[in-house]
Amino acid sequence: MKIKTGIFGGSFNPIHIGHLALANYLCEFEGLEELWFLVSPQNPIKKQEILWDDQKRLQLVEAAIVDYPKFRASDFEFSLPRPSYTFYTLSKLKETYPLHSFILIIGSDNWIYFDKWKEANRILAENEVWIYPRPGFPVNGDSLPVNIRLINAPLLEISSTFIRNALSERKDIRYFLHPNSYKILMEE
């Protein structure tokens, strides 16, 4: 039996409690055995100049997940060609980790324009995809393909942009970040 592993890719610029709460929900309520936070070095859709250093973002993820055994921080995409394309990453993950059954985790905001993703049809044909809700991006679950699942996870309206802006304004946002990540950021 393969290990049921969620792939939660993103810039995690930085990781915050919204990411962690969703990932925790997917493990505890939706049956994932593991969830990998796949830190993306370059999302083709996002502007590169707003990304913090790859190693810094990975360090913050590692610090935030240290005490939960079902979470794993992954720098898998760091050694892949850039920009990072999901179809290629998933193919390489399956090739490298044959004992895992990977499930792609995406937000409903990404699902709305999923057809614009490189090799979108291939991703859907070859992978299971779970969609979690994002405010303002409803998805009709009745029209989804059989390997696409709409997850009824709690909504937390927090964004990394909000976190970065609050930090730049020197706000005390300790309760929006894992304490370990917050400590690292405050020591800079």
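The written sequence of each chain sets the order in which its residues are numbered from 1. Thresholds applied to this predicted model are a pLDDT of at least 70 for local features of residues and 80 or more for the giving and counting of side-chain atom pairs; totals over whole chains, interfaces and linings are not thresholded and use all residues. Excluding hydrogens and water, the side-chain figures rest on all heavy atoms present in the structure.

Student: Pulling in residues and values, what's your account of the sheet that holds strand β3 (residues 71–74)?
Tutor: Reading across the sheet, the six strands line up as β3-β2-β1-β4-β5-β6 and stay open at both edges, with parallel pairing between neighbours. What marks the edges here is a single partner per strand, and that holds for β3 and β6 (148–150). Sheet twist, expressed as the mean angle between neighbouring strand axes with direction ignored, is 25 degrees. Bridging between strand β1 (residues 3–10) and strand β2 (residues 34–39) involves six bridges; their strand directions are parallel. Across the sheet, the residue bridging to Phe-8 is Phe-37, located in β2. The contact criterion used throughout is that any non-hydrogen atoms of two residues lie within 4.5 Å. Angular values range over 0 to 180 degrees, each being the angle between N-to-C directions of two axes fitted as lines to C-alpha atoms, with helices fitted over their stretch in contact. A run of H or I in DSSP counts as a helix once it spans at least four residues, and a run of E counts as a strand once it spans at least two, with each numbered from the N terminus. Seen against the sheet, helix α1 (residues 17–29) touches β1, β2, β3, β4 (100–107) and β5 (128–132) and runs at an angle of roughly 150 degrees to β2. Sheet strands in contact with helix α2 (residues 54–65) are β2 and β3, and its direction is about 170 degrees off that of β3. The criterion for strand pairing is that DSSP finds at least two bridges linking the strands in question.

Student: So, helix α6 (residues 160–168): which residues are in play, and what are the values?
Tutor: Because an α-helix packs 3.6 residues into every turn, residues spaced three or four apart end up facing the same way. Any residue under 20% of the maximum accessible area for its type is buried, any over 50% is exposed, and the rest in between are partly exposed; the area is computed with a 1.4 Å probe on protein chains only. Along α6, the positions that sit buried rather than exposed are Ser-160, Ile-163, Arg-164, Ala-166 and Leu-167. Each buried residue of α6 lies within a common arc of 165 degrees when the element is viewed along its axis, so the set occupies one face. The elements touched by buried residues of α6 are α1 and α7 (179–186). At the exit of α6 stands Arg-170, carrying a positive phi of roughly 60 degrees. What the arc measures is the spread of directions leading from the helix axis to the C-beta atoms.

Student: So what about the packing of α2 against α7? Which residues, and what values?
Tutor: At a closest axis distance of 7 Å, the pairing of α2 and α7 adopts a crossing angle of 140 degrees. Classified by the interaxial angle, the pair formed by α2 and α7 is oblique. Here α2 contributes Lys-56, Gln-59, Leu-60, Ala-63 and Ala-64 to the contact with α7, which in turn contributes Asn-180, Ser-181, Ile-184 and Leu-185. Amino acids outside the nonpolar list (Ala, Val, Leu, Ile, Met, Phe, Trp, Tyr, Cys, Pro) and the charged list (Asp, Glu, Lys, Arg) are all regarded as polar, and Gly is one of them. Of the residues belonging to the contact of α2 with α7, the class tally is five nonpolar, three polar and one charged. Throughout, the term roughly parallel applies to angles under 35 degrees, roughly antiparallel to angles over 145, roughly perpendicular to angles from 65 to 115, and oblique to all others.

Student: Outline unusual backbone geometry, listing residues and values.
Tutor: The omega torsion of the bond from Asn-13 to Pro-14 falls at 10 degrees, within 30 degrees of zero and hence cis. Examined against the element boundaries, Pro-14 turns out to sit in the loop between β1 and α1. The amide bond that connects Arg-82 to the next residue, Pro-83, takes the cis arrangement and shows omega of 5 degrees. By the secondary structure assignment, Pro-83 is in the loop between β3 and α3 (86–96). Backbone geometry at Phe-12 places phi at a positive 45 degrees, although glycine is not the residue there. Mapped onto the elements, Phe-12 comes out in the loop between β1 and α1. A positive phi angle, close to 60 degrees, is found at Arg-170, a residue other than glycine.

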